[in-house]
Amino acid sequence: MTRPLAALRRRDVLGGLLALAGVAIPRHARPAVAALPEILSAPTRRPEPGLVEIALEAAPARLSVAGQPAELWTYAGAFPGRLLRLREGETVRLRFANRLPEPTNLHFHGLHVPPTGRADNTWLHIPPGETFAYEFTVPPGAGGTHWYHPHVHGGIARQMWAGLAGPLIVDGPLDAMPELAATDERIVLLKDLALVDGRPAPHGVMDWHKGKEGDLVLVNGVPSPELRATAGTVRLRLINACNARYFRLGLEDGRPWHLIATDGHFLEQPQALDDLLLVPGARADVLIPLEGRGEVRLRHLFYDRRTPDFTPERTLLTIVPRAGARPLPLPERLAAVPRLRPDDAAARRRITMAMFLLGGRPFNPHRIDISGRLDDVELWEVENVGTMDHPFHTHTWYFQVATLNGRPEPFAAWRDTVNLRPGDRLELLVPLRSYPGRSVYHCHIAEHGDKGMMGVIEVI
Ligand code: C2O
Ligand code: CU
Ligand code: CU
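Computed from a predicted structure; not experimentally measured.

A few points about the overall build of the protein
Scanning the protein from terminus to terminus reveals five helices and 33 strands. In terms of overall size, the protein behaves like a compact globule, its C-alpha atoms giving a radius of gyration of 22 Å where 460 residues would be expected to give roughly 23 Å. Oriented by its inertia axes, the alpha-carbon framework of the protein measures out at about 70 × 55 × 50 Å. The proportion of buried residues among the 460 residues of the protein is 57%. Long-range contacts, defined as pairs at least 24 residues apart, comprise 77% of the intrachain contacts of the protein with a sequence gap of at least 6. Surface exposure of the protein reaches about 18,800 Å², of which carbon and sulfur atoms provide 53%. Charged side chains of the protein number 53 positive and 52 negative; the gap between the two group centres comes to 4 Å.

The following block contains the structure:
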């Protein structure tokens, strides 16, 4: 018996202990495993073709999380926040009401819309008790897995930690290809939490350095749920909505699974996965083929991001196939991802990352750190000169990784969030396309962004 204890589910351990004690437990007395909750849509209407109207409210709510009472900040009373489900090409009118006791706003993470006006404008602060009408058009090609969260500078970590984060999905034409349309598609939003006296545990001094993690590791708001698959292949839209927790994900039995999209952008073709590192802010769409009756366990594996904390490995999600399930054929081609080349870059930037500094200085919202020209491709050399991992994220524009420590990326992919280990040097190719305006890039450990690891880019 060499299976490590950490690989056993809690009910196995409990059952084992009771069996050792000579106690027989009837099957029905085992602790119930929660089903993977579906994240319901925020109130949405489509009064005419091409227009969607959504109502969303940020407000405190009393909920129950992992069997404990929890007073959280929520979107539409739900944790995680309600789903925003959009379509390519449509105009979105989103009425946002702030019922929190302090200013907040919305950031549509990953959505390629203007950083100005009533769109993804994180310079706006909506005062408590007020309403704001966001309005933007979802561009063609925006189909994918995104999310939304508050972006009031200096208060992002606290507001996200209080519960504010929700999925944002844009349905696009590729989702209709038969190999994808026939999958059992689920949104899987990962978010951790720690409760003290029924409230999110307050930040301590060290939390700002390490980034705050919680002992409750939740999948759509519940610990270690079960997904009863309705098709032979499951498509998971994975979202890391944690302040700071990294997920190295793997399947327990080492069976094949496939990456089809990074940060809401399809790859050219599915890539076989071994393990998958999903850092705060990042998304990944994966296909998991099911064979026969065996359960498939998605595991949270050990990862050392150079903090003193240790998280035991655990099962995040158990996928239960239908009897006789057979995998669907894999899509052969997904999207065209034309590779950008360093020679295409019109400008070169160098950005260092270290604790609470980006490019060697702390965030100043009134200073422009990068001035770019609309439609230029830029080459950003980002280097982690600090002692722990930092996930680098851009708003508005997204990028390709050209090289990591001098080695080219093995396959072409679009991303908006990428990890740097200490000493890592990345070359990113960033097309400043579609929208002029002032936007930000930052470390997506929420505490680090708030403490200064954020820069301002203006594109004209
Ligand atoms: Cu999730 Cu400024 O980003
Ligand atoms: Cu973002
Ligand atoms: Cu950081």
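Having put the structure on the table, let's press on.
Details of the domain arrangement of the protein
For the protein, the domain assignment lists domain 1 (44-171), domain 2 (178-320) and domain 3 (342-459). A straight line from the C-alpha centre of domain 1 to that of domain 2 covers 22 Å. Of the residues lining the interface, 29 residues belong to domain 1; the matching set on domain 2 comes to 34 residues. When domain 1 packs against domain 2, close to 2,500 Å² is buried across both sides, 66% of that on carbon and sulfur atoms. Between domain 1 and domain 2 we count two salt bridges in total. At the junction of domain 1 and domain 2, the tally comes to twelve residue pairs in polar contact (both at pLDDT 80 or more). Contributions of two or more residues to the side of domain 1 that touches domain 2 are made by strand 3 (68-75), strand 8 (144-149), helix 2 (156-161) and strand 9 (166-171). Considering only residue class, the side of domain 1 that touches domain 2 consists of 16 nonpolar, nine polar and four charged.

Quick look at the packing of aromatic side chains
Following the criterion strictly, the structure yields eleven aromatic pairs and no others. Judged by centre distance (6.3 Å) and plane angle (80°), the rings of W380 and F392 are edge-to-face. In this pair, W380 sits in strand 26 (residues 377-384) while F392 sits in strand 27 (residues 390-394), placing the two residues twelve residues apart along the sequence. An identical accessibility class is assigned to W380 and F392; each is buried. Connected via pairs of aromatic rings, a cluster forms that spans F96, F108, F132, Y134 and F136. Over the face of the ring belonging to W208 we find K451, whose NZ or CZ atom lies 4.8 Å from the ring centre.

Here we look at the sheet that holds strand 19 (residues 276-278)
With mixed pairing, the five strands of this open sheet are ordered in space as 14-22-21-16-19. Where the open sheet ends on each side, the last strands, each with one partner, are strand 14 (226-228) and strand 19. In this sheet, adjacent strand axes meet at a mean angle of 25° when their direction is disregarded.

A short note on the coordination of the copper ion (ligand 2)
Ideal values for angles at a metal depend on the geometry: 109.5 degrees with four tetrahedral donors, 90 or 180 degrees with six octahedral donors. Taken together, H107 (NE2) and H393 (NE2) make up the full set of protein donors to the copper ion (ligand 2), lying 1.9 to 2.0 Å away. Here H393 lies in strand 27 and H107 lies in strand 6 (residues 107-109), a separation of 286 residues in the sequence. The pair formed by H107 and H393 is uniform in burial state, with each residue classed as buried.

Focus: the pattern of salt bridges
Here the structure, examined in full by the defined rule, presents 41 salt bridges. With a closest N to O distance of 3.9 Å, R333 and E268 form a salt bridge. In this pair, R333 is assigned in the loop between strand 22 (314-320) and strand 23 (347-354) and E268 in strand 18 (residues 265-273), connecting sequence segments 65 residues apart. Judged by its relative accessible area of 51%, R333 is exposed. Classification of E268 as partly exposed rests on a relative accessible area of 26%. The shortest N-O distance in the salt bridge between E427 and R348 comes to 3.1 Å. With a gap of 79 residues between them, E427 in strand 31 (residues 425-431) and R348 in strand 23 connect regions that are remote in the sequence. The exposure class of R348 is exposed, given its relative accessible area of 53%. Overlapping salt bridges bring together R85, D171, D175, E185, R235, R237 and D285 as one network.

Parameters at a glance
Counting restarts for each chain, with residues numbered from 1 along the sequence as it is written. To read the labels, note that chains go from A and ligands from 1, taken in the order they are written. The predicted nature of this model means local features are confined to residues of pLDDT at least 70 and side-chain atom pairs, given and counted, to a pLDDT of 80 or more, with totals for whole chains, interfaces and linings taken over all residues. Computation of side-chain values: all heavy atoms of the structure, hydrogens and water removed. Strands are runs of DSSP state E lasting at least 2 residues, helices are runs of H or I lasting at least 4, and numbering of each runs from the N terminus. The globule rule used for comparison is 2.2 Å times the number of residues to the exponent 0.38, while the radius of gyration itself is calculated over C-alpha atoms. Note on exposure labels: buried denotes an accessible area under 20% of the residue type's maximum, exposed denotes more than 50%, and partly exposed covers the range between, all computed with a 1.4 Å probe on protein chains only. Residues count as neighbours in contact if any of their non-hydrogen atoms are within 4.5 Å of one another. In short, Shrake-Rupley with a 1.4 Å probe defines the accessible areas, and a residue's cover is counted only from the protein chains shown. This count recognises Lys and Arg as positive and Asp and Glu as negative, with His and chain-terminal groups excluded. Think of each charge as sitting on NZ of Lys, CZ of Arg, CG of Asp or CD of Glu. For the domains described, the bounds stem from an automatic or database domain assignment. Accessible area, probed at 1.4 Å, shrinks when two parts are joined; the buried area is that loss added up over both. Within this document, salt bridges are pairs made up of a side-chain nitrogen of Lys or Arg and a carboxyl oxygen of Asp or Glu, the two lying within 4 Å of each other. Here a polar contact means two N or O atoms within 3.5 Å. Within protein one must be a hydrogen donor candidate and the other an acceptor candidate, and residues neighboring in sequence count only if both atoms are side-chain atoms. Polar here means any residue outside two lists: the nonpolar Ala, Val, Leu, Ile, Met, Phe, Trp, Tyr, Cys and Pro, and the charged Asp, Glu, Lys and Arg; Gly therefore counts as polar. Between the rings of Phe, Tyr and Trp (Trp by its six-membered ring), a pair exists once the centres lie within 6.5 Å; its type follows the angle of the planes, with under 30 degrees stacked, over 60 edge-to-face, and the other angles tilted. Criterion for a charge above a ring: Arg CZ or Lys NZ at most 6 Å from the ring centre, at most 35 degrees from the ring normal. Two strands qualify as a pair provided DSSP detects at least 2 bridges between them. To get an axis, a line is fitted to the C-alpha atoms, and for a helix only the part in contact is used. The angle between two axes follows their N-to-C directions and goes from 0 to 180 degrees. For Na, K and Ca the donor cut-off is 3.2 Å, and for all other metals it is 2.8 Å, counting N, O and S atoms only; because water is absent from this set, sites may look incomplete.

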